[in-house]
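# What the coordinates show
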Amino acid sequence: MIYREAGQFKSTYASDQAVFPILQDRVIAGLVLVAAVIAVPLVANEYWLQAVLIPFLIYALAALGLNLLTGYAGQVSLGTGGFMAVGAYAAFKITSAFPGLNIVVAFLLAGLAAALVGVLFGIPSLRIKGFYLAVATLAAQFFLIWLFNKVAWFTNYASSGTITAPPRRMLGIMVTGPEATAPVRYLVALGLVALFAVIAKNLVRGRVGRSWMAIRDRDIAAEIIGVRPLRTKLLAFAISSFFCGVAGAEYVFLYLGSAETLAFDINVSFLVLFMVIIGGLGSVLGSFLGAAFIVMVPILLTNAPHLLGLAMPVALQKQIELMVFGGLIVAFLIVEPHGLARLWQVAKDKLRLWPFPY
Amino acid sequence: MTLRRVMIALLVAAVVAVPLAGTVSAQAKEMFVPSLVYRTGPYAPSGTPFANGMWDYLTMLNERDGGINGVKLVVEECETQYDTKQGVECYERLKGKSGGAVAFNPLSTGITYQLIPKAGVDKIVVHSMGYGMTAASDGRWFPWVFTFPTTYWSQASSVVRYIGQQEGGLEKLKGKKIVHIYHNSPYGKEANPTLEELAQKYGFELTLLAVDHPGQEQKATWLQVRRLNPQWVYMSGWGVMNQVAVKEAAAINFPMDHFIGNWWSASEADVIPAGDGAKGYKGATFHAPGTAFKVHADIVKFVYDKGKNIGPKDKIGEALYNRGVVNAMYMTEVFRTAMAKFGNKPLTTEQVRWGYEHLNLTEARLDQVGLKGFTHAVKVTCEDHEGSGPVLIQQWDGKKWNVVSEWIPPMKEVVRPKLEAAAIEEGKKLGYTARDCSKEN
Amino acid sequence: MLDLLHAVLVAPFKDMAGSPTFLVEVLIGGLAAGLMYSLVALGFVLIYKASGVFNFAQGVMVLFAALTLVGLIERGAPLVVALALTTAVMVALAFAIERVVLRPLVNQEQIILFMATIGLNFFLEGFGEFAWGSDVKKLDVGIPDTSFMVWGVQVNRLELTAAITAAVLVAIMAVFFQRTRVGRALRAVADDHEAALSIGIPLNTIWIVVWSVAGLVAIVAGIMWGAKSGVQFSLSLIALKALPVLILGGFTSVPGAIVGGLIIGTGEKLAEVYWGPLVGGAIENWFAYMLALAFLLVRPQGLFGEKIIERV
């Protein structure tokens, strides 16, 4: 009854192949987008924007990139932090060399730099598979972080050894730098992640995505039917690193404001991988759900004692938070091993038939 | 099946409940002091005593004096685990709470770098006491950031001066070998430019050895130290790197009294694993260790005896505990300075900033507070948010830290010009303009 | 350019030849460090070999074991009693893990099980700190961390003990897997869960056994590393240093863990001491991974790992 599909016919191939074939889905997606663009900046306070939504959007982009590589192409990568660092430092160098350049263009160019580095470190994937590849990408992670620590050119020889987001305007409004307000930064992040989500969705439904999935499922069979493993895998690394690079640039410019290499260390790589696995491998929506879970659940758990009126010492609170977080991860995996995206899909299928059971 | 339903119900409840991150309204005659701490996580052994010191001093003031001039201090701790992301989250959550936070002590160089740009926009003071961005000590570029009583660059110069004293004069340093072992991060590298300049000036041979984070395995570094056989080793370490370094130094039979750690590498947690091998290890500090001060007696009386403490009683007087005390003391003296001008009522952040910039802590005042001889006098001015304070050297005797030197002044003539150049660079990066101190009172 | 080539290809070797006793010290230090890494890698190998799970929580298990041991000693238990109790705790932990985490997730993909161990990692982190506090604790097992001279070369007592312990442990493991019934059952389970079930091997018992053994290995690793740096949170980060050992030796090989450890340890130290100063030092971490990567390019499943036979 909720999804009244009676009367919805498809008379063209285009409408049949639409991303949201059901009218109700289109409406809901449209409403969500409108709410996100208009309602949220008006309603949310600065804490919500700065500490919850902006990191969520940035991590969602990084998770999207990693999902393309790990979920669709099957190459487990733990170098996400390193690629994000490449994006951040490249964006910093580009925008300090060309201050007049639009900052979003700088982000995209930084993404290209990250893509090149990603291709370089993806070359071993032709020989190494599975968890071995994951650990090999850690080499990329550690090396890149060491490089940015060592070579002072990347930070423009700053005495502090950190990169700072310089004040930049777009259409007259301050977008990065200390003066940029949280709603503006939120909208830029939202715009970028929505754009890239659309691109990703189309990629995975097209020839490229299918070749990735073929490599993931049976790479020898794929090779036999004509999918070139070299090109496919390197393309996956390139596009995934592009996304991660843009996310890294956003991480410094739109969220932190200034960063040292420790902000991109191994924990970030693990965190993004967790988001992808919890959200659902091989699902664009899953990247968003996973990012929401990993970003918001710790914050919820931190604030829970306040909400419940309990006064706990902070150390105990943090320890319980960790235990509950770990427990929740295991519980969710037991309930739905294929991630939150699959939970959502099952729910949607049930809703489509509701009130009938099948 | 039931588990599934439970999890889905939890998920829905969470989505509904999250928007309720509420705020508490302000009370009259109170000032809200947030305390960013790390009592858990990899740096908890260092963060816990600091947090306890801060908490104890502020609680003691509340209990003994009813606050500061009748204004009570509401202290709330927020756990950051020394993680930048969580630090930002704590800052955003607490900055507007209960009428607004009056100042922030980030307690982490990484978090400080995030908060420095925000301090000017949100107009809240960031006091990065002896850590953070050294360049921010130039108050003309960073009016909202304070680094007193001293910074890493000044500390490095003081340590070199101390080494000179031990060798019989700074001229005697010529030809000697000094090794700087540092944590491979911007924090660890802070002292390097100053040391390099001093090496050129005084003719000693400086070797810089980086230790990768987290520093659990330092065999290669200490083998190199053994080969170089330097006269002195200076360390800018943090966390487990300190403990392993002290152990490795003891294991290669390096003379521990020629091994000086900076003020974040010389606490009780750093020497415990090495046991007896750590005897003689030296460290820099800007306050005395121990409990021989009236403030500590008051803390025991008004906080521990009343059961309002968080930490254990036997840890009072540890190096990092006292650091928390001195941080809290600076903050409360600033409040008093500001109240002397603006009246005995809850202060605004602008007034607090004025207080920070006009802090003049004299020896007489320290005596009144109950900390005679605990730390050095500090005077903050518009240009000088560092106070350019001197440094003490303390030594571990196996049971406790003892002060083994006089106050060693930094080499201002070396440090200040570099600092001003760095401030211009960092300030311009953020799009700031320098203010003119002569135009302000 | 020629300078650069000379500095990279010639000078370090001249340096090595110039002071051979120092070279021996570096080698010994590297071998010892490598064996310490192997201790941790062994835990990973055991669990992967027998249940196909890459146990992300192994580092935290090392920390937890060390914390429990030190906590019990601090509360007055003599060393032997504390060891026995810690063993009991780790076995109980294995029971709990098998029941709560592994049994509901039987037959899931590797990456899902990996994620479950990540949840376990967070849980044990919080629980360990909750139960035993977050201070640095000194672990004293009666072995002094001092050095003595052998033929002009400095050797550290603690490292020597750790090396010998690691070697003995690996020998025991190798015998266990090859010669005993339980070992054979473990290898069968690693090969194919369902086939093992169908011939009557009790999967759950096997998992409990293997996680308990991994727990014991964690205790030993915890003791060795805890004695070196004090028992604290950073102990769990040792797992990251053990990963290159794993990939070089192969995820499923016990002797691989040792050989991998030796290679990584020596390679790391040689690189740091002789080539490190050229680029400013601190190259150990990524060099270990690069070295492992280089070996992987030649043998994609590690030196001793099981060759994966690909079928269409």
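The notes below deal with the structure included here. Since the structure is predicted, the reported quantities are computational estimates derived from the model, not experimental observations.

Conventions and cut-offs
- Residues numbered from 1 in each chain as written.
- Chains lettered and ligands numbered in written order.
- Predicted model: local features only at pLDDT ≥ 70, side-chain atom pairs only at ≥ 80, totals over all residues.
- Heavy atoms only, no water.
- Helix = DSSP H or I, 4+ residues; strand = E, 2+ residues; numbered from the N terminus.
- Rg over C-alpha atoms; globule rule 2.2 N^0.38 Å.
- Buried < 20%, exposed > 50% of the residue type's maximum accessible area, 1.4 Å probe, protein only.
- Expected span 1.5 Å × (residues − 1).
- Pairing = 2+ DSSP bridges.
- Disulfide = S-S within 2.5 Å.
- Contact = heavy atoms within 4.5 Å.
- Buried area = accessible area lost by both parts, 1.4 Å probe.
- Salt bridge = Lys/Arg side-chain N within 4 Å of Asp/Glu carboxyl O.
- Polar contact = N/O pair within 3.5 Å; in protein donor to acceptor, adjacent residues only side chain to side chain.
- Nonpolar A, V, L, I, M, F, W, Y, C, P; charged D, E, K, R; others polar.
- Core = buried A, V, L, I, M, F, W, Y, C linked by side-chain atoms within 4.5 Å.
- Patch = residues over 30% accessible without salt bridge, like charges linked within 9 Å, V, L, I, M, F, W, Y side chains within 5 Å.
- Areas by Shrake-Rupley, 256 points an atom, 1.4 Å probe, with all protein chains shown as cover.
- Lys, Arg positive; Asp, Glu negative; His and termini not counted.
- Charge placed at Lys NZ, Arg CZ, Asp CG, Glu CD.
- Axes fitted to C-alpha atoms, helices over the stretch in contact; angles between N-to-C directions.
- Parallel < 35°, antiparallel > 145°, perpendicular 65-115°, else oblique.
- Left-handed = near helix turned anticlockwise from the far one by under 90°.
- Bend = angle between axes of the 7 residues up to and from the residue.

So, about the overall build of chain B. On a plain count of helices and strands, chain B comes out with 15 helices and 14 strands. Computed over the C-alpha atoms, the radius of gyration of chain B is 22 Å, within 12% of the 22 Å expected from 2.2 N^0.38 for a compact globule of 441 residues. Its C-alpha atoms give chain B principal-axis dimensions of roughly 70 × 65 × 50 Å. Within chain B, the fraction of its 441 residues that count as buried is 65%.

Attention shifts here to helix H3 (residues 58-74) of chain C. Residues spaced three or four apart along an α-helix point in a common direction, a consequence of the helix completing one turn every 3.6 residues. All names here are of chain C. In a regular helix each residue adds 1.5 Å, so 17 residues correspond to 24 Å; H3 covers 24 Å between its end C-alpha atoms and thus fits that length. Most of H3 sits inside the fold, with 15 of its 17 residues counted as buried. Where H3 terminates, the next one or two residues include Gly76, which has phi positive at roughly 105 degrees.

Let us now look at the pairing of strand E1 (residues 30-37) of chain B. Residues and elements named next belong to chain B. Here E1 lies mainly inside the structure; seven of its eight residues are buried. For E1 and strand E2 (residues 72-79), the ladder comprises eight bridges, and the chain directions are parallel. Paired with Val33 across the two strands is Val75, which belongs to E2.

On to the state of the cysteines, then. Residue and element names in this part refer to chain B. Applying the stated rule across the entire model yields two disulfides over all chains. For Cys78, the disulfide goes to Cys90, at an S-S distance of 1.8 Å. Residues Cys78 and Cys90 are joined by a disulfide whose S-S torsion is about -80 degrees; by sign, that bridge is left-handed. Of this pair, Cys78 sits in strand E2 while Cys90 sits in helix H3 (residues 84-94), placing them twelve residues apart in sequence. Overall, Cys78 belongs to the buried group, its relative accessible area being 4%. Accessibility expressed as a relative area gives 0% for Cys90, which makes it buried. In chain B, the bonded cysteines, numbered by position in the sequence, are linked as 1-2, 3-4.

A few words on the interface of chain B and chain A. Facing the 52 residues of chain B at the interface are 50 residues of chain A. Its largest share of buried area at the contact with chain A, chain B owes to Met7, Lys85 and Lys429 of chain B, together 14% of the area lost on that side. Our enumeration of links across chain B and chain A arrives at one salt bridge. Seen at the junction of chain B and chain A, the total is nine residue pairs in polar contact (both at pLDDT 80 or more). Those elements giving two or more residues to the side of chain B that touches chain A turn out to be helix H1 (2-17), E2, H3, helix H4 (109-122), helix H6 (186-189) and helix H15 (412-429) of chain B. In terms of residue count, the dominant contributor to the side of chain B that touches chain A is H1 of chain B (eight residues). Looking at side-chain class alone, the side of chain B that touches chain A contains 24 nonpolar, eleven polar and 17 charged residues.

Before going further, it helps to spend a moment on the side chain of Asp298 of chain B. All names here are of chain B. Within the secondary structure, Asp298 is located in helix H11 (residues 294-304). Classification of Asp298 by relative accessible area gives buried; the value is 9%. If sequence neighbours within four positions are ignored, Asp298 has contacts with Met60, Arg64 and Val303.

The next subject is the interface of chain C and chain A. Across the contact, 49 residues belong to chain C and 41 residues belong to chain A. A per-residue breakdown of the area chain C buries against chain A is headed by Met115, Phe122 and Trp286 of chain C, which together make up 15% of the total. Applying the counting criterion to the chain C and chain A interface returns zero salt bridges. The interface formed by chain C and chain A contains six residue pairs in polar contact (both at pLDDT 80 or more). Sorting the residues of the side of chain C that touches chain A by element identifies helix H4 (79-102), helix H5 (110-132), helix H10 (238-249) and helix H12 (284-298) of chain C as the ones contributing at least two each. If you tally residues by element for the side of chain C that touches chain A, the top one is H5 of chain C, at 16 residues. Residue classes in the side of chain C that touches chain A are distributed as 34 nonpolar, eleven polar and four charged.

The next point concerns the nonpolar core. Nonpolar side chains tend toward joint burial in soluble globular proteins. By size, the foremost hydrophobic cluster in this structure holds 233 residues, and its most contacted members are Phe264 and Phe293 of chain A. Examining the composition of this core, we find that 20 residues originate from one element, helix H3 (residues 46-72) of chain A, more than from any other. Apart from the residues lying within four places of it in its own chain, the contact partners of Phe293 of chain A are Ile278, Pro298, Phe325, Leu328, Ile329, Phe332 and Leu340 of chain A. Within the second largest apolar cluster, 112 residues are counted, among which are Phe50, Phe146, Ala199 and Met331 of chain B.

What follows concerns a nonpolar patch on the surface. All names here are of chain C. Taken together, the side chains of Met1, Leu2, Leu4, Leu5, Val8, Leu9, Val10, Leu278 and Val279 define a hydrophobic patch exposed on the protein surface, amounting to about 860 Å² of accessible area. With respect to the secondary-structure elements, Leu2 resides in helix H1 (residues 2-18). By relative accessible area, which is 68% here, Leu2 ends up exposed.

A word on a negative patch on the surface. Together, Asp191, Asp192, Glu194 and Glu306 of chain C line one region of the surface with negative charge. With respect to the helices, strands and loops of the structure, Glu194 of chain C is situated in helix H8 (residues 193-198).

All names here are of chain B. Sheet architecture is open: three strands sit in the order E3-E4-E5, paired in parallel fashion. The open sheet has two edge strands, strand E3 (103-104) and strand E5 (145-146), and neither has a second partner. Here strand E4 (residues 125-127) runs beside E5; their pairing, made up of two bridges, is parallel. Bridged to Val126 within E5 is Val145. Sitting on the sheet, helix H13 (residues 349-357) is in contact with E3, E4 and E5, with an inclination near 40 degrees to E4.

Right, let's talk about the sheet that holds strand E13 (residues 392-396) of chain B for a bit. All names here are of chain B. What the seven strands build is an open sheet, ordered E7-E6-E8-E9-E10-E13-E14; its pairing is mixed. With partners counted over all chains shown, the strands left at the sheet margins are strand E7 (205-211) and strand E14 (401-403), one partner each. Adjacent strand axes in the sheet meet at a mean angle of 25 degrees when their direction is disregarded. In the sheet, strand E6 (residues 177-183) pairs with strand E8 (residues 232-236) via five bridges, with the strands oriented parallel. Of the residues in E8, the one forming a bridge with Ile181 is Met235.

It is worth spelling out the packing of helix H12 (residues 319-342) of chain B against H13 of chain B at this point. Residues and elements named next belong to chain B. The interhelical angle for the contact between H12 and H13, taken along N-to-C directions, is 110 degrees, at an axis separation of 8 Å. As judged from the angle between their axes, H12 and H13 are roughly perpendicular. Two packed elements cross with a definite hand, and for H12 against H13 that hand is right-handed. Between H12 and H13, the contacting residues are Met331, Val334, Phe335, Thr337, Ala338, Lys341 and Phe342 on the first element and Gln351, Val352, Trp354, Gly355 and Tyr356 on the second.

Residue and element names in this part refer to chain C. Running from N to C, H4 and helix H9 (residues 203-229) cross one another at 135 degrees; their axes reach a closest spacing of 8 Å. Relative to H9, the element H4 lies oblique. Along this stretch, H4 crosses H9, giving a crossing that reads as right-handed. Touching Leu83, Thr86, Thr87, Met90, Val91, Ala94, Phe95, Ile97, Glu98 and Leu102 of H4 are Asn204, Trp207, Ile208, Trp211, Ser212, Gly215, Leu216, Ala218, Ile219 and Ile223, all from H9. The residue inventory of the contact of H4 with H9, partitioned by class, reads 14 nonpolar, five polar and one charged.

Our focus in this paragraph is helix H2 (residues 23-43) of chain A. Residues and elements named next belong to chain A. The end-to-end C-alpha distance of H2, which contains 21 residues, comes to 28 Å, matching closely the 30 Å that a straight helix rising 1.5 Å per residue would cover. The principal kink in H2, of about 40 degrees, is found at Ala36. Residues of H2 that are buried include every one of Gln24, Asp25, Ala36 and Pro41, and no others. Check the buried side of H2 and you find it contacts helix H7 (182-205) and helix H14 (340-353).

Let us look at the pattern of salt bridges. Residues and elements named next belong to chain C. Per the counting criterion, the structure on display carries 45 salt bridges over all chains. Notably, a salt bridge pairs Arg103 with Glu98, separated by 3.3 Å at the nearest N-O pair. A relative accessible area of 35% means that Arg103 is categorised as partly exposed. A salt bridge links Lys269 to Glu268, with the nearest nitrogen and oxygen atoms 3.1 Å apart. Relative accessible area serves as the criterion here: at 0%, Lys269 is assigned to the buried category. For Glu268, a relative accessible area of 0% gives the class buried.

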